[in-house]
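Spelled out from the first residue to the last, the chains are:
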Number of protein chains: 4
Amino acid sequence: MKSARTTKPHEPLEVQQLEIPKLMGPQVLVRVHSSGVCHSDIHLWDGGYEGLNGQILKTTDRGVTYPLTPGHEIAGTMVSLGDQAEGFNKNEKVIVYPWIGEGLCPACRSGEENLCDKPRSLGVYLDGGYSEFVLVPSYKYLIKIDDDLDMDAAATLSCSALTAYGAVKNADLKPNDNVVIVGTGGLGLMVIQLASAVTGARIIALDIDDDKLKTAKDSGANDIINSKKEDPVKAIMELTNNLGADAVIDFVNASKTVEIDMQFLRRAGVVLVGLFGGELKLGLVSMPTRAYRLIGSYTGTINDLVELVSLAKRGVIKPLISNRFKLDQTTQALTMLKEGKIVGRGVINP
Amino acid sequence: MKSARTTKPHEPLEVQQLEIPKLMGPQVLVRVHSSGVCHSDIHLWDGGYEGLNGQILKTTDRGVTYPLTPGHEIAGTMVSLGDQAEGFNKNEKVIVYPWIGEGLCPACRSGEENLCDKPRSLGVYLDGGYSEFVLVPSYKYLIKIDDDLDMDAAATLSCSALTAYGAVKNADLKPNDNVVIVGTGGLGLMVIQLASAVTGARIIALDIDDDKLKTAKDSGANDIINSKKEDPVKAIMELTNNLGADAVIDFVNASKTVEIDMQFLRRAGVVLVGLFGGELKLGLVSMPTRAYRLIGSYTGTINDLVELVSLAKRGVIKPLISNRFKLDQTTQALTMLKEGKIVGRGVINP
Amino acid sequence: MKSARTTKPHEPLEVQQLEIPKLMGPQVLVRVHSSGVCHSDIHLWDGGYEGLNGQILKTTDRGVTYPLTPGHEIAGTMVSLGDQAEGFNKNEKVIVYPWIGEGLCPACRSGEENLCDKPRSLGVYLDGGYSEFVLVPSYKYLIKIDDDLDMDAAATLSCSALTAYGAVKNADLKPNDNVVIVGTGGLGLMVIQLASAVTGARIIALDIDDDKLKTAKDSGANDIINSKKEDPVKAIMELTNNLGADAVIDFVNASKTVEIDMQFLRRAGVVLVGLFGGELKLGLVSMPTRAYRLIGSYTGTINDLVELVSLAKRGVIKPLISNRFKLDQTTQALTMLKEGKIVGRGVINP
Amino acid sequence: MKSARTTKPHEPLEVQQLEIPKLMGPQVLVRVHSSGVCHSDIHLWDGGYEGLNGQILKTTDRGVTYPLTPGHEIAGTMVSLGDQAEGFNKNEKVIVYPWIGEGLCPACRSGEENLCDKPRSLGVYLDGGYSEFVLVPSYKYLIKIDDDLDMDAAATLSCSALTAYGAVKNADLKPNDNVVIVGTGGLGLMVIQLASAVTGARIIALDIDDDKLKTAKDSGANDIINSKKEDPVKAIMELTNNLGADAVIDFVNASKTVEIDMQFLRRAGVVLVGLFGGELKLGLVSMPTRAYRLIGSYTGTINDLVELVSLAKRGVIKPLISNRFKLDQTTQALTMLKEGKIVGRGVINP
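Conventions and cut-offs
- Residues numbered from 1 in each chain as written.
- Chains lettered and ligands numbered in written order.
- Predicted model: local features only at pLDDT ≥ 70, side-chain atom pairs only at ≥ 80, totals over all residues.
- Heavy atoms only, no water.
- Helix = DSSP H or I, 4+ residues; strand = E, 2+ residues; numbered from the N terminus.
- Rg over C-alpha atoms; globule rule 2.2 N^0.38 Å.
- Buried < 20%, exposed > 50% of the residue type's maximum accessible area, 1.4 Å probe, protein only.
- Contact = heavy atoms within 4.5 Å.
- Areas by Shrake-Rupley, 256 points an atom, 1.4 Å probe, with all protein chains shown as cover.
- Pairing = 2+ DSSP bridges.
- Axes fitted to C-alpha atoms, helices over the stretch in contact; angles between N-to-C directions.
- Salt bridge = Lys/Arg side-chain N within 4 Å of Asp/Glu carboxyl O.
- Buried area = accessible area lost by both parts, 1.4 Å probe.
- Polar contact = N/O pair within 3.5 Å; in protein donor to acceptor, adjacent residues only side chain to side chain.
- Nonpolar A, V, L, I, M, F, W, Y, C, P; charged D, E, K, R; others polar.
- Least-squares fit on C-alpha atoms with pLDDT ≥ 70 in both.
- Phe/Tyr/Trp six-rings, centres within 6.5 Å; stacked < 30°, edge-to-face > 60°.
- Lys NZ or Arg CZ within 6 Å of the ring centre and 35° of its normal.
- Domains from an automatic or database assignment.
- Expected span 1.5 Å × (residues − 1).
- Parallel < 35°, antiparallel > 145°, perpendicular 65-115°, else oblique.
- Left-handed = near helix turned anticlockwise from the far one by under 90°.
- Lys, Arg positive; Asp, Glu negative; His and termini not counted.

Q: Account for the overall build of chain A, naming residues and giving values.
A: Across its full length, chain A holds eleven helices and 18 strands. The C-alpha radius of gyration computed for chain A amounts to 20 Å, which stays within 12% of the reference 20 Å derived for 350 residues, consistent with globular compactness. When the backbone C-alpha atoms are referred to their principal axes, chain A occupies close to 60 × 45 × 40 Å. A buried classification covers 63% of the 350 residues belonging to chain A. Across chain A, contacts joining residues at least 24 apart in sequence account for 65% of those joining residues at least 6 apart. Per element, the accessible surface of chain A, about 13,000 Å² overall, is 50% carbon and sulfur.

Here it is, written out as structure tokens:
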């Protein structure tokens, strides 16, 4: 089978011919139809993240080994089942839950494999979906999808939408809460769709791009603020009777945005933080006196993904696919994403 | 009536003779038997807190006015009821919930007056318990206590124990969680008592004083670590099979301790933070990738206090009173507390 | 002021001229614009409910006294405030939370006055809204409403919509749950609106009237079943891949419907039950082996009502008003309701 | 290997010589040290339960097939691992989580395999622990236990203690709740131990046997009532200031006890129900007006079991083993249990 692989950091991905894996026990083999292209694939390609004091957190220190087939947002069709696998038929359409844990740590025991202490995520620690076929460790990580659900859209549920959904759940929104969404790219828009579908909260979108803000409004935002044109703190205070926001979901998560978040956050407010990094200087005394919560949110559980599939099936949420690539275009796909040239989500169709 | 009052920041408290208030509507008058002496009374006396970059957050900017009768941990007996007050008899023993809100903000609406946007806490915004009598805005802020419950001990439930309990609830501990308590002073010991009474979690106490750690052990800690004698990160990793702590309740909350907390904290861990202040440099990228939660915890609800009274009544928790002062000794009491000379809790007996 | 009063069970309501109450403490006086007509007003008029073995539970045994001014769904304008009331201006539009408790029981302490052990609900234990003016015990029971919100619609939020919302919350629905709504009258339709606004669950509506079912579909039901025309158990099993319903909200709550509910309920399912009464023979062994939950749901908290006002303000839910009556038409209003001639909700406009 | 098997209902169990299973994929083989004897083993032996109107619910209708090796409370040592199993070493002591699901239903997806729609529980649907060896479908169903934990006691954690713990969790007790435990046999005593370890609630034990009640008191009950000697409704009302119980955990769950439960249950109270069966006539109108909850509780999740192991390891709970049997004494063990001659818990030591 052909797989596009990261052989080592910064090098172009290489399409290699690999053996189709033999199945054992509960394993299944899925023919990949779509594999989403995600920011974290860039981190794998770069070989690291920026941490405190400009220090680089290397992916290899977190257990990643190269060469690696990236791709953790996978939709496809069932090819074959190991002799202890069951519940699926050949050619059935499925999406794959990629945030696989080792099964024995406290997080795994309570059904949160995405928070496993020793993760084995597909496309990160195990070979993923930039490939004609992907080996999935158990049929239990598959979710059937309906024939009428677009597979490119379905693929993006397992990370892009799941991360958005995890953030919405962590924000614990009520119908009389005001939530500010900082950044209305793909994740921000999905948060807006999800928050309006399942929370009833009032949604305030914040960005510096009027076109994106218009899309945010169409996706369910009640109010929009262009922070280039008006002071976001002042604008949010006006929109909330001077109470401030109950929660902020910040997909930028740079020092600059989080420092501003804290200024329009209400007592007992929640900030959820994205992946851009940098560092925050936090005044520790205001944490208890104002009962602030800073919550890091990381993907979601397989049950969350089942819920998303149910919502997508009924058209309640609609992932937006903007670019499609072939297996030999993965380097180009990652480059475009890195340069901010992909609006919505790109997918690989091997 | 005699009241010991802070006339302005840094001046000795002054015992003044005030008129006994006339009661209206649901108000009640309580004869103060005991009024606890709390660290935040020192902040009121100092006129402020230390915030970011050494900046002082002034109490007057938060709405405090002087002269003020401090004292928010109040136990006493019922003297008289306004004509819309009810449910209590003359001379009944009561404790007072001091974290009173204005009643209409979202926090108040959901029963969390302690998180009110416009608080009217007794001893902070309204005259409190360093006085022979205290005016309480409504009989609804009183809780009956049994005759056999010591009133000095009961008084400290409404802030010291309530803050400990709020932290325990926010940590959301399960029986297979490991929780590290940083600092085993009065609050830390109460957390240990409460966590062993209602969570079943394994408790690891961290301090630099062997005597305090011995008391921590007697109060229910499963393991103790003197961080002067051994590396706390290494010790905690060993105690937890290299998994790290599920939660940390840090009553020091200085930059130094929180930075160490983050090193022995497990993925998806929780840090709860105390009042000492200073600032923390936080690497924003590890918040989502490790799903960390930083939670500021502030006192508790009246319902939490009802629960504490129930526990204290049955002897499940035992607040420790170490010093007793008269009304003309309040300056001395605050000075001793400031200088770290009060072990356990001091109370004023007017 | 003129009030329409139930002088004793079964007699026509009588319009009496009463003194306008003098205000004390935190009390407020509201000029009634709209007062909803509710099934429980019929029970007050009848003097009782049907309980076990045909036995009548008398309202007077539950503490109701006659004469009584009914009416617990009240919207109006502020007239005057007691000297400890605050936060509202004259002529402001408000709705009234009627499920008032005595303030000291465990339910009240935790913000659930609707479940008070010694309730003082307006229009049930205290005079209510079938009157030109209503005395409200505290300004804290008022919620401001916007000028553009219709007052007749707003009035019905405080019982009809609140009961629906309480049921939705008690059902604890997730986006991949199937919930069956039994009975698509006013309450059923409001449940459908609310469940689609805040849960993302798939909604199956069950009734015996095609017109009502069509409205249910328009209100957000995903599937509809006419149980006169097809076997509801079979139909629901087919719609749910033979798994059964995760939850049933039954607004009929007669023996017959609940017995059927149990047949299409899935393992670990929830039944929430309405007010029609009668008795159920329950096989006790299937409760644990199938982990069933039978949950009685009763109105909601003031915070729930604040959430509903927020949803109604943004047009997310739209209460349906079908009939309007004057103060001298209250007997006629109750009679029409009893005879099933009011579709949607009737209101009194004094 | 030798296994004691139920060949068909009512016949004496037969010790058969079976082949030791060959391991595949993630399967593991455990040498059984202890296998608890449970009431539900009697139902398997009887071939059914008593349901509504005296009707028998047959085990074969629920998917049980005979011959069957019963035994779902299993502790033992690791013998060998399938080629995809990991995380355990030969001879390590383990207990087995027996409530295994098929993995794809909504309950399994959310980590509640005990509520699976198509269960494969060990000792019920698959061969269990009345045997020298047991085949476990995956290493993920094992939990390591410490060398100092008694294996007979450990075995009973996976059903007896787990059922008690599930009930405690479903009762959602707070420290100021009063909970009544009806029946202080093995399960009732474990509930008392658990409720006092992790909830802080006040515990009232109800039985008709003074000796058992004394043990209940020693295990943590705050109050005891012999319902043969005093009226339980009156006694509980007196103990609770006439408020009634917040929750009842009824391990008898016969019509008679549940009818009494409802009389001392407070508004918004919870009844959890055991396995004895029979039927209850329930007045449907009081369900909503009094906001009652009837909750069937069935075992618990693997995470609950991990929590129990943690509590047992630290000595917080102490399962009581009263009788030990050999593999050829299983018929005798079941007979003694049926006749009420086992106090505490019996185990088979193959």
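Next comes the rest of the write-up.
Q: Any chance you could break down the sheet that holds strand S10 (residues 178–182) of chain A for me, citing the residues and the numbers?
A: Here twelve strands make up an open sheet; going across it, the order is S12(A)-S11(A)-S10(A)-S13(A)-S14(A)-S16(A)-S16(B)-S14(B)-S13(B)-S10(B)-S11(B)-S12(B) and the pairing mixed. With partners counted over all chains shown, the strands left at the sheet margins are strand S12 (223–226) of chain A together with strand S12 (223–226) of chain B, one partner each. Between one strand axis and the next, the sheet turns through 20° on average, direction left out of account. Its contacts with the sheet put helix H5 (residues 186–198) of chain A on S10, strand S11 (202–207) and strand S13 (245–250) of chain A, and the angle it makes with S11(A) is roughly 170°. The sheet strands contacting helix H4 (residues 160–171) of chain B are strand S16 (293–296) of chain A together with strand S13 (245–250), strand S14 (265–273) and strand S16 (293–296) of chain B, and the helix crosses S13(B) at an angle near 160°.

Q: Go over the sheet that holds strand S11 (residues 202–207) of chain D, please, and point to the residues and values.
A: Neighbouring strands of a sheet are bound in pairs by backbone hydrogen bonds; such pairs are parallel or else antiparallel. Across the sheet, twelve strands lie side by side as S12(C)-S11(C)-S10(C)-S13(C)-S14(C)-S16(C)-S16(D)-S14(D)-S13(D)-S10(D)-S11(D)-S12(D); this open sheet has mixed pairing. The open sheet has two free edges, formed respectively by strand S12 (223–226) of chain C together with strand S12 (223–226) of chain D, since each of these has just one partner strand. For this sheet, the mean inter-axis angle between neighbouring strands, taken without regard to orientation, is 20°. Of the pairings in the sheet, the one linking strand S13 (residues 245–250) of chain C to strand S14 (residues 265–273) of chain C comprises five bridges and is parallel in character. Its bridge partner being in S14(C), C:Ala247 is matched across the sheet by C:Val270. Against the sheet, helix H7 (residues 232–239) of chain C engages strand S10 (178–182), strand S11 (202–207), S12 and S13 of chain C, with an angle of about 160° to S12(C). In the packing of helix H5 (residues 186–198) of chain D onto the sheet, the strands contacted are strand S10 (178–182), S11 and strand S13 (245–250) of chain D, and the crossing angle to S11(D) comes to about 170°.

Q: If you had to explain the interface of chain A and chain B to someone new, which residues and values would you point to?
A: Facing 47 residues of chain A, the contacting portion of chain B comprises 47 residues. The tally of links between chain A and chain B comes to two salt bridges. In this structure, the salt-bridge partner of A:Asp117 is B:Arg266, at a minimum N-O distance of 2.3 Å. Elements supplying a minimum of two residues to the side of chain A that touches chain B: strand S4 (48–50), helix H2 (106–109), helix H8 (255–264), strand S14 (265–273), strand S15 (279–283), helix H9 (286–289) and S16 of chain A.

Q: Account for the interface of chain D and chain A, with residues named and values stated.
A: How large an interface is tends to be reported as the accessible area lost when its parts come together. The interface of chain D with chain A comprises 24 residues on the first partner and 24 residues on the second. Contact between chain D and chain A buries roughly 1,800 Å² in total, counting both sides, with carbon and sulfur atoms accounting for 49%. There are two salt bridges connecting chain D and chain A. Between D:Glu86 and A:Arg120 there is a salt bridge, with its nearest N and O atoms 2.8 Å apart. Counting the contacts that link chain D with chain A gives 14 residue pairs in polar contact (both at pLDDT 80 or more). Listing elements by their share of the side of chain D that touches chain A, those giving two or more residues are helix H2 (106–109), strand S9 (142–144) and helix H10 (302–313) of chain D. In terms of residue class, the side of chain D that touches chain A is made up of eleven nonpolar, seven polar and six charged.

Q: I'd love a proper account of unusual backbone geometry, names of residues and values included.
A: The linkage connecting A:Tyr66 with the following residue, A:Pro67, adopts the cis geometry, with an omega of 0°. Assignment of secondary structure puts A:Pro67 in the loop between strand S5 (56–58) and strand S6 (74–81). If you check the backbone angles, B:His10 has positive phi at about 75° while not being a glycine. Its place among the elements puts B:His10 in the loop between strand S1 (2–5) and strand S2 (14–17). A residue is classified by how much of its surface remains accessible, and B:His10, at 54% relative accessible area, is exposed. Even without glycine at this site, B:Thr299 takes up a positive phi of about 45°. Among the secondary structure elements, B:Thr299 is positioned in the loop between S16 and helix H10 (302–313).

Q: Just give me the short version of the relation of the copies chain D and chain A, but keep the residues and values in it.
A: For these two chains of identical sequence, chain D goes onto chain A by a turn of 180° and a shift of 0.0 Å along the axis, with RMSD 0.0 Å. Such a turn and shift between the copies fits a two-fold axis. Identified as the residue of chain D closest to the rotation axis by C-alpha distance is D:Gly25, at 2.1 Å. Mapped onto chain A, 100% of the interface residues of chain D again fall at the interface, so both copies present the same surface.

Q: If you had to explain the packing of aromatic side chains to someone new, which residues and values would you point to?
A: As enumerated under the stated definition, the model contains four aromatic pairs over all chains in all. Between D:Trp99 and D:Tyr298, the aromatic rings sit 5.9 Å apart at their centres with planes inclined by 70°, giving edge-to-face as the arrangement. You can see D:Trp99 sitting in the loop between strand S7 (93–96) and H2 and its partner D:Tyr298 sitting in the loop between strand S16 (293–296) and H10, a full 199 residues away along the chain. Per residue, the accessibility class of D:Trp99 equals that of D:Tyr298, and both read buried. Above the plane of the ring of B:Tyr298 lies A:Arg267, whose end atom (NZ or CZ) is 4.7 Å from the centre.

Q: A description of the domain arrangement of chain A should follow, citing residues and the corresponding values.
A: Residue and element names in this part refer to chain A. Taken domain by domain, chain A consists of domain 1 (2–159 + 299–348) and domain 2 (165–296). Computed over C-alpha atoms only, the centres of domain 1 and domain 2 are separated by 28 Å. Of the residues lining the interface, twelve residues belong to domain 1; the matching set on domain 2 comes to ten residues. Carbon and sulfur atoms make up 62% of the surface buried where domain 1 meets domain 2, a total of about 1,100 Å² over both sides. Scanning the region where domain 1 abuts domain 2 turns up two salt bridges.

Q: Help me get a handle on helix H4 (residues 160–171) of chain C, residues and values and all.
A: Residue and element names in this part refer to chain C. For H4, which comprises twelve residues, the first-to-last C-alpha distance of 17 Å matches the rise-based estimate of 16 Å (1.5 Å per residue) to within 8%. A large share of H4 lies buried, amounting to ten of its twelve residues. By the burial criterion, the buried members of H4 are Ser 160, Ala 161, Leu 162, Thr 163, Ala 164, Tyr 165, Gly 166, Ala 167, Val 168 and Ala 171. Lining the buried residues of H4 we find helix H5 (186–198), S13, S14, helix H10 (302–313) and strand S18 (345–348). A positive phi of about 50° marks Asp 172, the residue just after H4.

Q: Before we move on, can you summarise the environment of A:Pro12 with the specific residues and values?
A: As for its position among the elements, A:Pro12 is in the loop between strand S1 (2–5) and strand S2 (14–17). Discounting chain neighbours no more than four positions away, the residues touching A:Pro12 are A:Trp45 and A:Thr331.

Q: Can you tell me about the packing of H5(D) against helix H6 (residues 210–219) of chain D, naming the residues and giving the values?
A: All names here are of chain D. Remark: H5 packs on H6, axes separated minimally by 9 Å, with the N-to-C direction vectors making an angle of 20°. Relative to H6, the element H5 is oriented roughly parallel. Of the two elements, H5 crosses H6, and the hand of that crossing is right-handed. Packed against H5, whose contacting residues are Leu 189, Ile 192, Gln 193 and Ser 196, the element H6 presents Thr 215, Ala 216 and Ser 219 at the interface.

Q: Talk me through the relation of the copies chain A and chain B; I want residue IDs and the actual numbers.
A: Between chain A and chain B, which share one sequence, the superposing operator has a rotation angle of 180° and an axial displacement of 0.0 Å; the RMSD is 0.0 Å. A high fraction, 100%, of the interface residues of chain A reappear at the interface in chain B, so the copies pair face to face through one surface.

Q: A description of the environment of B:Asp218 should follow, citing residues and the corresponding values.
A: Mapped onto the fold, B:Asp218 is located in helix H6 (residues 210–218). C-alpha separation for the pair B:Asp218 and B:Leu189, spaced 29 residues apart in sequence, amounts to 9.6 Å.

Q: Give a detailed account of the side chain of B:Asp41, specifying residues and quantitative values.
A: Residue and element names in this part refer to chain B. Assignment of secondary structure puts Asp 41 in helix H1 (residues 39–46). One buried charge, Asp 41, has no salt-bridge partner; the nearest side chain with opposite charge is Arg 345, at 6.6 Å. A distance of 2.6 Å separates polar atoms of two side chains, one belonging to Asp 41 and the other to Tyr 130.

Q: Give a description of the pattern of salt bridges that names residues and reports values.
A: The tally for this structure, following the rule as stated, stands at 64 salt bridges over all chains. In this structure, A:Lys169 engages A:Asp304 in a salt bridge whose closest nitrogen and oxygen atoms are separated by 2.8 Å. Separated by 135 residues along the polypeptide, A:Lys169 in helix H4 (residues 160–171) and A:Asp304 in helix H10 (residues 302–313) bring together distant segments of the chain. We note a salt bridge from A:Asp246 to A:Arg266, for which the minimum N-O separation is 2.9 Å. Of the two residues, A:Asp246 is situated in strand S13 and A:Arg266 in strand S14; the sequence distance between them amounts to 20 residues. Taken together, the shared-partner salt bridges connect A:Asp117, B:Asp246 and B:Arg266 into one network.

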